[in-house]
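# Coordinate analysis (summary)
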Amino acid sequence: MTRADPTTNEHERNGRESDAVDAVDAAAVERYAVPPGATAYECPRCGRPFAHERHRDLHLGQSHGDLTDDERDAYAAARDDETDDLRHFRIVSLGLLVLFYFGFLFLFAIFG
Ligand SMILES: [Zn+2]
């Protein structure tokens with residue numbers, strides 16, 4: 001039974017980890033590529049681009065803990081806007097569901 005040199009194994013393992021990190025970085029670069037001419041709002045901490053300022057503010061609040069006062073205020077405003085949009089979406093979805101339910105119920109009662 002042969003025993004491998006631990007420094008070589010360590011070097012090879014670091015090389016494989018480095019390759020894996022490079023692959024992840026390349027995937028992230030490709031995934032977050034901004035089309036030419038498009039406006040992007042970049043995260044000041046990690047550089048990730050966002051299509052809307054509100055999305056960047058939400059990302060800052062949820063992914064990075066060390067916010068400045070302005071960033072914290074922007075996160076709170078973005079969270080409130082997002083909550084309002086979700087509430088609006090839920091009300092509209094429930095209304096459509098009720099409309100379809102009773103619509104089909106009446107159709108079935110009349111023509112069924
Ligand atoms: Zn970030």
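What you see as residue numbers is a count from 1 along each chain, following the sequence as written. Given that the model is predicted, a residue must reach a pLDDT of at least 70 before its local features are reported, and side-chain atom pairs must reach 80 or more before they are shown or counted; all residues, however, enter totals for whole chains, interfaces and linings.

### Topic: the overall build of the protein
The way it works is that DSSP assigns letters per residue, a run of H or I at least four long becomes a helix, a run of E at least two long becomes a strand, and they are numbered from the N terminus. For the protein, the count of helices and strands is three helices and two strands. Going from the N terminus to the C terminus, the protein shows its helices and strands as α-β-β-α-α. Using C-beta atoms placed from the backbone, we call a residue buried if 20 or more other C-beta atoms fall within 10 Å of its own, exposed if 12 or fewer do, and partly exposed for counts in between. A total of 112 residues make up the protein; the buried ones form 4% of that total. By the convention adopted here, residues are in contact when the distance between their C-beta atoms, placed from the backbone, does not exceed 7 Å. For the protein, restricting intrachain contacts to residue pairs at least 6 apart in sequence, the fraction spanning at least 24 positions comes to 8%.

### Things to note about the packing of helix α2 (residues 53-63) against helix α3 (residues 69-111)
The geometry of α2 relative to α3 is characterised by a closest axis approach of 8 Å and an angle of 115 degrees between their N-to-C directions. When the axis of α2 is compared with that of α3, the two are roughly perpendicular. Pair α2 / α3 crosses with left-handed handedness. The residues of α3 that touch α2, namely those facing Arg54, Asp57, Leu58, Leu60 and Gly61, are Glu71, Ala74, Tyr75, Ala78, Arg79, Asp81 and Glu82. Each residue gets one label: Ala, Val, Leu, Ile, Met, Phe, Trp, Tyr, Cys and Pro are nonpolar, Asp, Glu, Lys and Arg are charged, and the others, such as Gly, are polar. Taken together, the residues of the contact of α2 with α3 break down into five nonpolar, one polar and six charged. The angle between two axes is taken between their N-to-C directions and runs from 0 to 180 degrees, where each axis is a line fitted to C-alpha atoms and a helix contributes only its stretch in contact. Any angle that is under 35 degrees is reported as roughly parallel, and any over 145 degrees as roughly antiparallel; angles of 65 to 115 degrees are reported as roughly perpendicular and all others as oblique. By definition, turning the near helix anticlockwise from the far helix through less than a right angle yields a left-handed crossing, and turning it clockwise yields a right-handed one.

### Considerations on α3
Working rule for helices: expected span equals 1.5 Å times residues minus one. With 43 residues, α3 ought to run about 63 Å at 1.5 Å a step, and its terminal C-alpha atoms sit 62 Å apart, in line with that. Burial of α3 is sparse: only two of the 43 residues sit out of reach of the surface.

### Description of the UniProt feature "domain: C2H2-type" (unreviewed entry) in the protein
UniProt positions are given in the numbering used here, feature names are shortened, and annotations may be inferred rather than shown by experiment. Here, the residues flagged by UniProt with the feature "domain: C2H2-type" (unreviewed entry) are residues 41-64. Here residues 41-64 is 46% helix and 17% strand, with 16 Å between the C-alpha atoms at its ends.

### Observations concerning the UniProt feature "transmembrane region" (unreviewed entry) in the protein
As annotated in UniProt, the feature "transmembrane region" (unreviewed entry) corresponds to residues 91-111 in the numbering used here. Across residues 91-111, the secondary structure splits into 100% helix and 0% strand, with the terminal C-alpha atoms separated by 30 Å.

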